Amino acid sequence: MNLPPTIVVPVYNEAENLKILIPKIFKNVRRVYVVVVDDNSKDNTKEVLSALTKKYKTVLHLKRKSKMGRGTAVLHGFRYALTHF
């Protein structure tokens, strides 16, 4: 298995931080996938990620129906990466 470099970012109400984090990742790392696992944020995370996924083609937004915690979000992101990349 040859998994591309992948970063999993669990989020809940992190819209403002994502505006900073995602561009910094792509400034410093080439050819990376960023899997953002959103636990049904109540702020404008969805809109921010929509714009970021258009600009950075290897950013993926996984939406979960409720807040289930950071640990399960990370596992969800890595499982997604392992089965889709």
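Calculation criteria
The numbering scheme is per chain: residues are counted from 1 as the chain's sequence reads. Selection of residues for local features in this predicted model requires a pLDDT of at least 70, selection of side-chain atom pairs for listing and counting requires 80 or more, and totals for whole chains, interfaces and linings are taken over all residues. To obtain the side-chain values, all non-hydrogen atoms of the structure were used and water was disregarded. Here a strand is any run of E in DSSP of at least two residues, a helix any run of H or I of at least four, and the numbering for each starts at the N terminus. Note on contacts: a residue pair qualifies if any of its non-hydrogen atoms lie within 4.5 Å across the two residues. Surface accessibility follows the Shrake-Rupley procedure with a 1.4 Å probe radius. Residue values consider only the protein chains on display as shielding. His is not counted here, nor are the chain ends, while Lys and Arg score as positive and Asp and Glu score as negative. Charged groups are reduced to one reference atom each: NZ for lysine, CZ for arginine, CG for aspartic acid, CD for glutamic acid. Two strands form a pair only when DSSP identifies at least two bridges running between them. Only the stretch in contact is used when fitting a helix axis, every axis being a line fitted to C-alpha atoms; angles between N-to-C directions are given from 0 to 180 degrees. Throughout this description, the term salt bridge denotes a Lys or Arg side-chain nitrogen within 4 Å of a carboxyl oxygen of Asp or Glu. Relative accessible area decides the class of each residue, using a 1.4 Å probe on protein chains only: under 20% of the type maximum gives buried, over 50% gives exposed, and in between gives partly exposed.

Bringing the overall build of the protein into the picture now. When helices and strands are tallied, the protein shows three helices and three strands. Listing each helix as α and each strand as β along the protein from the N terminus yields β-α-β-α-β-α. Expressed as a percentage of contacts within the protein between residues at least 6 apart in sequence, the contacts between residues at least 24 apart total 79%. Summing over all exposed atoms, the protein offers an accessible surface of approximately 5,700 Å²; the carbon and sulfur share of this is 55%. Charge-centre separation for the protein: the mean point of 16 positive side chains lies 9 Å from the mean point of 6 negative side chains.

With that settled, the discussion passes to the sheet that holds strand β1 (residues 6-11). In a beta sheet, neighbouring strands are held together by backbone hydrogen bonds and run either parallel or antiparallel to one another. Strand order across the open sheet formed by three strands is β1-β2-β3, with parallel pairing between neighbours. Taken across any chain shown, the strands that pair with only one partner, and hence form the sheet edges, are β1 and β3 (59-63). Pairwise comparison of adjacent strand axes, ignoring direction, gives a mean angle of 20° for this sheet. Of the pairings in the sheet, the one linking β1 to strand β2 (residues 33-38) comprises six bridges and is parallel in character. Residue pairing across strands places I7 opposite V34, the latter belonging to β2. Seen against the sheet, helix α2 (residues 45-55) touches β1, β2 and β3 and runs at an angle of roughly 150° to β3. Packing against the sheet, helix α3 (residues 70-84) makes contact with β1, β2 and β3, and its axis sits at approximately 145° to β1.

Moving on, we come to the pattern of salt bridges. For the structure on display, the rule yields two salt bridges. Ionic pairing is found between E16 and K19, a salt bridge with its closest N-O pair at 3.0 Å. Here E16 and its partner K19 are both found in helix α1 (residues 15-28), three residues apart, which amounts to about one turn of the helix. Classification of K19 by relative accessible area gives partly exposed; the value is 41%. D39 is the partner of R64 in a salt bridge, and the nearest nitrogen-oxygen pair spans 2.5 Å. Here R64, found in the loop between β3 and α3, pairs with D39, found in the loop between β2 and α2; they are 25 residues apart in sequence, far enough to count as distant. The class of R64 is buried, set by a relative accessible area of 8%. We classify D39 as buried; its relative accessible area is 4%.

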